[in-house]
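Listed below are the residues making up each chain.
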Amino acid sequence: GARIAGELAALQDDVDPIPFERMEAIITEELGAPLEEIFTTFEKQPVGAASLSQVYRAVTRDGHNVAVKVQRPDIDKVIESDLSLMRSAAEWIVEHLEDSRAFDAVGIVDEFARSIRRELDFTIEARVVTQFGANFEGDDRVIIPFVYSEYSSLRVLTMEWIDGVRVDLLDAYPERRSDPQTVAVLGCQILCKMIFDDRLFHADPHPGNIFLTSDNQIAFLDLGMAGHLEQSDVILFADLFMAIFQNDSKACTEALLHLTTQEEPSNPEALSHEVADFLAFEAKSIVANGQLARGLETAVQIVRRHNLELTPRFSLLIKALATIEVVGRKLYPKID
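Model, not experiment: these values are computed from the prediction.

What counts as what
Residues numbered from 1 in each chain as written. Predicted model: local features only at pLDDT ≥ 70, side-chain atom pairs only at ≥ 80, totals over all residues. Heavy atoms only, no water. Salt bridge = Lys/Arg side-chain N within 4 Å of Asp/Glu carboxyl O. Buried < 20%, exposed > 50% of the residue type's maximum accessible area, 1.4 Å probe, protein only. Phe/Tyr/Trp six-rings, centres within 6.5 Å; stacked < 30°, edge-to-face > 60°. Lys NZ or Arg CZ within 6 Å of the ring centre and 35° of its normal. Helix = DSSP H or I, 4+ residues; strand = E, 2+ residues; numbered from the N terminus.

Moving on, we get to the pattern of salt bridges. It is possible for side chains bearing opposite charge to pair when their charged atoms get close. All told, the structure shown has 17 salt bridges when counted by the stated rule. With its nearest N and O atoms 3.1 Å apart, the salt bridge here joins Asp 168 to Arg 166. Accessibility expressed as a relative area gives 40% for Arg 166, which makes it partly exposed. Between Arg 177 and Asp 215 there is a salt bridge, with the nearest N and O atoms lying 2.9 Å from each other.

Now for the packing of aromatic side chains. Under the criterion given, the structure shown has 10 aromatic pairs. When the ring of Phe 146 is compared with that of Tyr 148, the centres are 5.0 Å apart and the planes differ by 80 degrees; the resulting orientation is edge-to-face. An aromatic cluster of three or more residues is present, and its members are Phe 20, Phe 39, Phe 42, Tyr 56, Phe 146, Tyr 148 and Tyr 151. The ring of Phe 136 has Lys 193 lying over it, and the distance from NZ or CZ to the ring centre is 4.9 Å.

To continue, consider unusual backbone geometry. Positive phi values are uncommon outside glycine, yet Asp 215 reaches one of about 50 degrees. Tracing the backbone through its elements, the reader meets Asp 215 in the loop between strand S9 (210-212) and strand S10 (218-220). Positive phi, normally seen in glycine, also occurs at Asp 222, with a value near 50 degrees. Taking the relative accessible area as the measure of exposure, Asp 222 reaches 34% and is therefore partly exposed.

In short, the description is geometric, and any link to function would need to be established separately.
Following this line, the structure appears as structure tokens:
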């Protein structure tokens, strides 16, 4: 599930930019006024182009440096067509492949579809970014861009311009008075706060979405791909980690079963034995080396072998944890 979700997310990048005239028409239509009435300067060359949107740098009439995210024309029709095709493929897999019960192909596609449709509504992203901002109010180690709601709509999102560089650009650290080791630990701490305290987390924290500003301060960008957890989900994950740390195979098996779509393994004794083996021989080294994502992936593989599948909403969480861990290790290889 996590791997499929990762592959689907990868499809969204690496596209050619749309000509400015077509994008300008969308901004004018959405904000109800010509560009020159809203902005004193608007750079025609996008600073970023993805499959759903393009981002431009501009200055508002009242002097704010902003990033203007504009949805690509007719992208909603393209996405719906793609989703329909993916849903058909998932249904075919369920119908024709014997092993399809081992993973919920339709559930994964539906979860991805909900996430993508939310991304197409920038008013939702604006509210999510504002909520992230409230969650980190008073924490000067983290910047969440301010949303200018008066210059935002369904297909246009105007946010504070962040002066920073990709967090994995190690050469830039000295001039920005920052230390990669400090930033690596901070990034992982922040994602854990998002998951376990706020239950609202950045689901795609790759290096292009985390900027280093200065003095070991980081900014989280592109918060449209967000995940939300119930309080009970967080408790289950905490139970799972605690069981792994305490080498408790019974508690570990129970926690894993609660995270799956159905709680009846084909052979409970064999599952318990495999989990006990995992804890005895692998988990200690995984924990000692701080390889959280590897531990989770191994646990997921174990339940799959017993015809169980992780609940689709957890695939986003595992993807987020695996992504931030890769970033952390690049900055500080010995990170725990």
